[in-house]
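A closer look at the structure
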Number of protein chains: 2
Amino acid sequence: MIQAKMEEMGKLAKEAAHSLMLASTEEKNRALIAMARGLIEAREEILQANEADVKQGRDKGMSSSLLDRLMLSPQRIREMAEGLEAVAALPDPIGEAIEMSRRPNGLEIGKIRVPLGVVGIIYESRPNVTADAAGLCLKTGNAIILRGGSEAFNSNRAIARALSAAASAAGVHSGAIQLVDTTDREAVNILMKMNRYVDVLIPRGGAGLIQTVVQQAAVPVIQTGVGNCHIFVDADADLGMALDIAVNAKCQRPSVCNAMETILVHEQIATDFLPLLTGVMQELQVELRGCEKSLEIVPGLKAAQDADWETEYLDLILAVKVVKSLDDAVEHIARYGTGHSEAIITNSYASSRRFLAAIDAAAVFVNASTRFTDGFQFGMGAEIGISTQKLHARGPMGLKELTSTKFIIYGNGHIRP
Amino acid sequence: MIQAKMEEMGKLAKEAAHSLMLASTEEKNRALIAMARGLIEAREEILQANEADVKQGRDKGMSSSLLDRLMLSPQRIREMAEGLEAVAALPDPIGEAIEMSRRPNGLEIGKIRVPLGVVGIIYESRPNVTADAAGLCLKTGNAIILRGGSEAFNSNRAIARALSAAASAAGVHSGAIQLVDTTDREAVNILMKMNRYVDVLIPRGGAGLIQTVVQQAAVPVIQTGVGNCHIFVDADADLGMALDIAVNAKCQRPSVCNAMETILVHEQIATDFLPLLTGVMQELQVELRGCEKSLEIVPGLKAAQDADWETEYLDLILAVKVVKSLDDAVEHIARYGTGHSEAIITNSYASSRRFLAAIDAAAVFVNASTRFTDGFQFGMGAEIGISTQKLHARGPMGLKELTSTKFIIYGNGHIRP
């Protein structure tokens, strides 16, 4: 029953993808504007549906921070609509010729940017992802199958319905935006195996969700998000700068994947830097968990356990480790990092070069906060997620990362000798 | 036991990848030249090992075409060595800055080409893949784990041993080139799940192998190879050109993935073209299997069954179908094609544009043979396989497709507001 329904969705999405592949930029932008208007017009229904989700969340004892992520307001709906308009205003990557050259035999060979086809998104809590992801996929000519979390089921359904109705009225194929209309886990299992219909799956959410998808999907997956990010304060660092950046990377928004989780401090400056760091962080209510050496320098610090080095706190907690050298820092990051964002604070040219070369991560910073790893901050104008894998896309993904390419070849009767 | 051994290989490969990431182009090229010499020096051992495989194949009743693919000679070993030298001579893609720009806040953000890390290759029969794949991975700074077919086990082992010894002697980490040293299937099952150590898996072989890997791997996979390729002869085609290209695409090398398997003929020219096609193809020993309409035009043709439209013959067999229009051809290809290579023969500008836009495949040709889909023919200087998926790489994959990117960001104390 669910199997048949999911197959039906897949087939419809594939049809929609074929139609979207041929849609002009004008047609897609018109649909995006219509979708923005559709959200505003459906505001009352969306807010009502959201109220039901929030009530259910409260009854189940959901934390206030999760409730805050779930809750919609007229303002938040307006922001979603503005997001769709902003995507309409971005340049369309589809159709761009990436390479085009003539071979010695006269064949002209080019690579053209095309949609991926059908994109599946599996996500948790925030209902605004429904509108953001649908907008980015429509702009890039991809059909989308959305599977939101059960905690936002009613909200997501109301939003998806408004978007899909508006897009259809603007001439877009009815399979272009579809939401999996059940909270049954079986639907996810089926979706992950639907490689006949789905070209890529993007899981957005906690580590558990992402690992399940990576382990079980037959559909190609883009892994997103988990960030155990480090800042290494080199012997040659400007300590004031290091302090400012550390505070920003830890405190400006602790709950996100590009926040710093461990600070690595060169032993040569540890006795100067650690007391400064401790003072400021304690003032900001950050709990520090230190290695043995740091406890010698700042007595009374809570001791870090082995598990601390691999924990993504997403909270006002910071692990602190004194290292003997830049290479020790690199080794620690290679062992515990998740390949997301890593930074060095230094005035040494040699240290900066070595760190940039030796760290294997999506984003490697010199003298800047890890919090900058973000599609908007990187100038992409949009973000569908942050990839921590190496295939296809690495780091923040914008519109281009939602595309594939195809070779087109102009001949004149060419045959292979 | 196998589990532990595979884990050990994975760990060693990961270490090697970290070391290779920092290797200079000179160091890598020196190792490639040493590997070429190593193959020549180990010629006798390799030929002896290969003899054992060939004898076993013969005893098991292997077909002569498979035996031919398996069999090595001094000449073939020399060709493998020359292949490695040719890879040494190619430009190194690693370190290339792909984009670099300054943001309004002064942050300088660039994208740099880096190795993928650890590449796993699962392949069948031809032992030369061992040398080719190892060379391409070394050039791009990737560690490689090779898993060849059991039919070439001794040959692959001798080749890998020669390559690995030569690379180590030239200063490359001993984990850079490793062959799975057992024919036990369990090793493949483990390799597919080793996403802690392996960054990408490339299966090269038959449809069965590829589907198994796609279904079961937790490691990201690049799907290669299966090609159910079509040529559409439009109403406006030059029939002589169409005939030449059809013969080339079917007969020049029928056993490969870019050979044509079905020809689609516009009904307006079918009565002129089909008798010509039948005459030439029958002379070339090609068995034709026609749709009902084509049987009306050429009586005595063998009738095609439904299964013919989805079969990759890899043999001197050709399915023939008369279609009413270009759109019918596009629809047939969308339904039965594998997204590999598709061609139109036409003198109509409109038809060429429509076909190029509407066909969703790795390579779309106008007036040229599908046989050109090949890394060397496309000017890449090398080929590790032909991707038929849309993620990361699509179509022939050369050195660039064995790389990832990382963002590097130069700041000056930047914090996120």
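Residues numbered from 1 in each chain as written. Chains lettered and ligands numbered in written order. Predicted model: local features only at pLDDT ≥ 70, side-chain atom pairs only at ≥ 80, totals over all residues.

1. Here's the deal with the overall build of chain A
- Of the regular secondary structure elements, chain A holds 15 helices and 16 strands.
- Its C-alpha atoms give chain A a radius of gyration of 24 Å, within 12% of the compact-globule value 22 Å for 417 residues.
- Burial statistics for chain A: of 417 residues in total, 53% are counted as buried.
- Considering only contacts in chain A between residues 6 or more positions apart, those separated by 24 or more positions represent 72%. (Helix = DSSP H or I, 4+ residues; strand = E, 2+ residues; numbered from the N terminus. Rg over C-alpha atoms; globule rule 2.2 N^0.38 Å. Buried ≥ 20, exposed ≤ 12 C-beta atoms within 10 Å, placed from the backbone. Contact = placed C-beta atoms within 7 Å.)

2. Side note on the sheet that holds strand 4 (residues 143-147) of chain B
Residue and element names in this part refer to chain B.
- Taken in spatial order, the four strands line up as 5-4-3-6 in an open sheet, and their pairing is parallel. Single-partner strands in this sheet number two, and they are strand 5 (177-179) and strand 6 (200-204). Between one strand axis and the next, the sheet turns by 20° as a mean value, whatever way the strands run.
- Here helix 9 (residues 207-216) sits on the sheet in contact with strand 3 (118-123) and strand 6, set at roughly 160° to strand 6. (Pairing = 2+ DSSP bridges. Axes fitted to C-alpha atoms, helices over the stretch in contact; angles between N-to-C directions.)

3. Re the relation of the copies chain A and chain B
- Mapping chain A onto chain B leaves a residual RMSD of 0.0 Å; the transformation is a rotation of 180° accompanied by 0.0 Å of translation along its axis. Overall, the copies show the geometry of a two-fold rotation axis. Of every C-alpha in chain A, the one belonging to H392(A) sits nearest the axis of rotation, 1.8 Å from it. (Least-squares fit on C-alpha atoms with pLDDT ≥ 70 in both.)

4. Structural notes on the interface of chain A and chain B
- Contacts between the two partners involve 58 residues from chain A, matched on the other side by 58 residues from chain B.
- Looking at the side of chain A that touches chain B, the elements with two or more residues in it are helix 1 (2-21), helix 9 (207-216), helix 10 (239-251), helix 15 (349-358), strand 13 (363-368) and strand 16 (403-414) of chain A.
- Top element by residues in the side of chain A that touches chain B is strand 16 of chain A. It accounts for eleven residues.
- Of the residues contributing to the side of chain A that touches chain B, the split by class is 30 nonpolar, 19 polar and nine charged.
- Bridge analysis of strand 16 of chain A against strand 13 (residues 363-368) of chain B gives five bridges, and the strand direction is parallel. For I408(A), the partnering residue across the bridge sits in strand 13 of chain B and is V364(B). (Nonpolar A, V, L, I, M, F, W, Y, C, P; charged D, E, K, R; others polar.)

5. A word on the environment of S19(A)
- Within the secondary structure, S19(A) is located in helix 1.
- Taking the C-alpha atoms as reference points, S19(A) and H173(A), separated by 154 residues in sequence, lie 6.9 Å from one another.

6. Structural notes on the domain arrangement of chain A
- Partitioning chain A into domains gives domain 1 (2-223 + 389-409) and domain 2 (229-372).
- Between the C-alpha centres of domain 1 of chain A and domain 2 of chain A the distance comes to 35 Å. (Domains from an automatic or database assignment.)

7. Considering unusual backbone geometry
All names here are of chain A.
- Even without being a glycine, N367 presents a positive backbone phi close to 55°.
- Relative to the helices and strands, N367 resides in strand 13.
- You can call N367 buried: it has 23 C-beta atoms within 10 Å.
- With a phi close to 75°, H392 is a non-glycine residue in the positive phi region.
- Assignment of secondary structure puts H392 in the loop between strand 14 (385-387) and strand 15 (395-397).
- Given 22 C-beta atoms within 10 Å, H392 falls into the buried group.

8. Concerning the sheet that holds strand 1 (residues 97-102) of chain A
- What the ten strands build is an open sheet, ordered 1(A)-2(A)-16(A)-13(B)-12(B)-7(B)-8(B)-11(B)-9(B)-10(B); its pairing is mixed. Whereas interior strands pair on both sides, the edge strands pair on one side only; in this sheet they are strand 1 of chain A together with strand 10 (302-303) of chain B.
- Pairing of strand 8 (residues 260-266) of chain B with strand 11 (residues 317-323) of chain B involves five bridges; the strand directions are parallel. Opposite V265(B), over in strand 11 of chain B, you have V322(B) as the bridge partner.

9. What to know about helix 13 (residues 326-336) of chain B
Residue and element names in this part refer to chain B.
- When we look at burial in helix 13, the residues that qualify are L326, A329, V330 and I333. One side of helix 13 carries all its buried residues, which in axial view fall inside an arc of 100°. Facing away from the buried side of helix 13 by over 90 degrees, the exposed positions are D327 and R335. (Arc of directions from axis to C-beta.)

10. Considerations on the packing of helix 6 (residues 128-139) of chain B against helix 7 (residues 153-169) of chain B
Residues and elements named next belong to chain B.
- Closest axis-to-axis distance for the helix 6/helix 7 pair is 9 Å, and the angle between their directions is 30°. Classified by the interaxial angle, the pair formed by helix 6 and helix 7 is roughly parallel. Seen from above, helix 6 lies across helix 7 with right-handed handedness. Listed contacts from helix 7 to T130, A131, A134 and L138 of helix 6 are N156, I159, A160, L163 and A167. (Parallel < 35°, antiparallel > 145°, perpendicular 65-115°, else oblique. Left-handed = near helix turned anticlockwise from the far one by under 90°.)

11. Overview of the pairing of strand 16 (residues 403-414) of chain B
- With eight bridges joining them, strand 2 (residues 108-115) of chain B and strand 16 of chain B adopt antiparallel strand pairing. Each bridged residue has a counterpart across the sheet, and for I109(B) the counterpart in strand 16 of chain B is I409(B).

12. What to know about helix 6 of chain B
Residues and elements named next belong to chain B.
- With twelve residues, helix 6 should cover 16 Å at 1.5 Å per step; its first-to-last C-alpha distance of 17 Å lies within 8% of that length.
- Most of helix 6 sits out of view: eleven of its twelve residues are buried.
- Within the sequence span of helix 6, burial applies to V129, T130, A131, D132, A133, A134, G135, L136, C137, L138 and K139.
- Count one or two residues on from helix 6 and you reach G141, which has phi positive near 75°. (Expected span 1.5 Å × (residues − 1).)

13. A few points about the pairing of strand 9 (residues 287-290) of chain B
Residue and element names in this part refer to chain B.
- Note that strand 9 and strand 11 share four bridges and pair parallel. In the sheet register, R289 faces strand 11, and the bridge partner there is A319.
- With two bridges connecting them, strand 9 and strand 10 associate as parallel partners. Opposite R289, over in strand 10, you have K302 as the bridge partner.
- Once the chain exits strand 9 it traverses helix 12 (residues 292-297) before rejoining the sheet at strand 10, and the crossover so formed is right-handed. (Right-handed = clockwise from strand over helix to strand, strands pointing away.)

14. Considering the packing of helix 2 (residues 25-41) of chain A against helix 5 (residues 74-89) of chain A
Residue and element names in this part refer to chain A.
- For the pair helix 2 and helix 5, the least separation of the axes is 8 Å and the interaxial angle reads 175°. Regarding the angle of helix 2 to helix 5, the classification is roughly antiparallel. Taken together, the residues of helix 5 that come into contact with helix 2 (itself represented by N29, L32, I33, M35, A36, L39 and I40) are I77, M80, A81, L84, E85, V87 and A88.
- Among the residues forming the contact of helix 2 with helix 5, the class breakdown is twelve nonpolar, one polar and one charged.

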